[in-house]
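Below are the chains, spelled out letter by letter.
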Amino acid sequence: MNTFTLSLVEDFKFVFFEDNRYMKLVDGFLNTLKITGGALLLGVIIGVVIAAIRTSFDKNKEAMKLRGGAGYYILGFLNAICKIYLTVIRGTPVVVQLMISYFVIFVSTDNGVLVGIFAFGINSGAYVAEIFRAGIMSIDNGQFEAGRSLGFNYFQTMKTIVIPQMFKAVLPTLLNEFIALLKETSVAGYVGVMDLTKAGNIVAGRTFMYFIPLFTVAIIYLVTVMILTSLVSRLERRLRKSDR
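Since the structure is predicted, the reported quantities are computational estimates derived from the model, not experimental observations.

### Side note on the nonpolar core
And then number 1: If you look at the biggest cluster of nonpolar residues, it comprises 38 residues, and the most contacted ones within it are Phe 120, Phe 132, Ile 136 and Met 158.
And then number 2: Counting residues per element, the ones that place at least two in this core are helix H2 (22-67), helix H4 (94-105), helix H5 (112-138), helix H7 (154-184) and helix H9 (211-243).
And then number 3: If you tally residues by element for this core, the top one is H7, at 11 residues.
And then number 4: The contact partners of Ile 136, leaving out residues within four places of it in the chain, are Ala 51, Ala 52, Thr 55, Phe 144, Met 158, Val 162 and Met 166.
And then number 5: Of all hydrophobic cores here, the second largest spans 13 residues; its members include Ile 46, Phe 57, Leu 86 and Ile 89.

The following block contains the structure:
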């Protein structure tokens, strides 16, 4: 090996293996996965609820208005709340939402991972809701009519027939949201959360060598995204085959 390669190897050993500093990256990467997975789960729950409310109101508002009663006004109120939530969350930066969650809403806690799951989950829920809403609206109206012919009411039809089909239709898009969310969590360090990016910064600060730790962090993100992208592509191919 030439002098440059030997120097790079020695620097790599110094940066990561002296004082077991590589464990910072391991812990940070695990926290990144925890935040991403938990936030996506929370986002899916929020997304399903909001998409169901909005599509229910859009599809049934005329009929409910003609029938009258409190149901129309309750659903209309919930639909308005959902619109406000979507406007606010999609119209403000995620890092600001994260800081509000940590320094205002959960000021009494020091569990940054849980705060990150909450903040990114609330943010992801707004985008997942629109993904689900588009998926529900893409389901043929004949599916709703089939549910009614079986004696199901609207919500039973949604639960039993429409939402399972919707999940299949939007699954690749949902996994792409997971990939985007994984990269968005890199700002979690703004509130002191030990994520992968924060771990890389800490290692760089302690060694005064920024090239190796930050490029290592970038490579870890890149490899993880490439693996997830490959899984999404395989899933899309399988779904196309199952539709034939």
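### A look at the pattern of salt bridges
Oppositely charged side chains can pair when the atoms bearing their charge come close.
And then number 1: In the structure shown here, the tally under the stated rule is five salt bridges.
And then number 2: We note a salt bridge from Asp 58 to Arg 133, for which the minimum N-O separation is 3.0 Å. Pair noted here: Asp 58 is in helix H2 and Arg 133 is in helix H5, with a separation of 75 residues, a long-range link.
And then number 3: When its relative accessible area of 27% is taken as the criterion, Asp 58 is described as partly exposed.
And then number 4: The partly exposed category is assigned to Arg 133, whose relative accessible area is 22%.
And then number 5: The partner of Glu 130 in a salt bridge is Arg 90, and the shortest N-O contact between them spans 3.9 Å. Of this pair, Glu 130 sits in helix H5 while Arg 90 sits in helix H3 (residues 70-91); the two residues are 40 residues apart in sequence, bridging distant segments of the chain.
And then number 6: By relative accessible area, which is 21% here, Glu 130 ends up partly exposed.
And then number 7: For Arg 90, a relative accessible area of 44% puts it in the partly exposed group.

### Considering the environment of Leu 25
And then number 1: Looking at the secondary structure, you find Leu 25 in helix H2.
And then number 2: Judged by its relative accessible area of 7%, Leu 25 falls in the buried class.
And then number 3: Along the backbone, Leu 25 and Phe 106 are 81 residues apart, and their C-alpha atoms lie at a distance of 26 Å.
And then number 4: Residues in contact with Leu 25, not counting those within four places in the same chain, are Phe 16, Leu 196, Ala 199, Gly 200, Thr 216, Val 217 and Ile 220.

What counts, and where the lines are drawn
- The numbers attached to residues start from 1 for each chain and follow its sequence in the written order.
- In view of the model being predicted, local features appear only for residues whose pLDDT reaches at least 70, and side-chain atom pairs are presented and counted only at 80 or more, with totals across whole chains, interfaces and linings using the full set of residues.
- Heavy atoms throughout the structure, all of them, feed into the side-chain values; hydrogens and water do not.
- The nonpolar core is taken to be a set of buried Ala, Val, Leu, Ile, Met, Phe, Trp, Tyr and Cys residues, with the residues joined through side-chain atoms within 4.5 Å.
- Type-normalised accessible area, obtained with a 1.4 Å probe on protein chains alone, sets the label of each residue: buried when under 20%, exposed when over 50%, and partly exposed for intermediate values.
- Comment: elements are numbered from the N terminus, with helices defined as DSSP H or I runs of at least four residues and strands as E runs of at least two.
- Between two residues, a contact is recorded if the distance between any of their heavy atoms is within 4.5 Å.
- We count a salt bridge whenever a side-chain nitrogen from Lys or Arg sits within 4 Å of a carboxyl oxygen from Asp or Glu.

Such coordinate-based values are descriptive only and should not be taken to indicate function.
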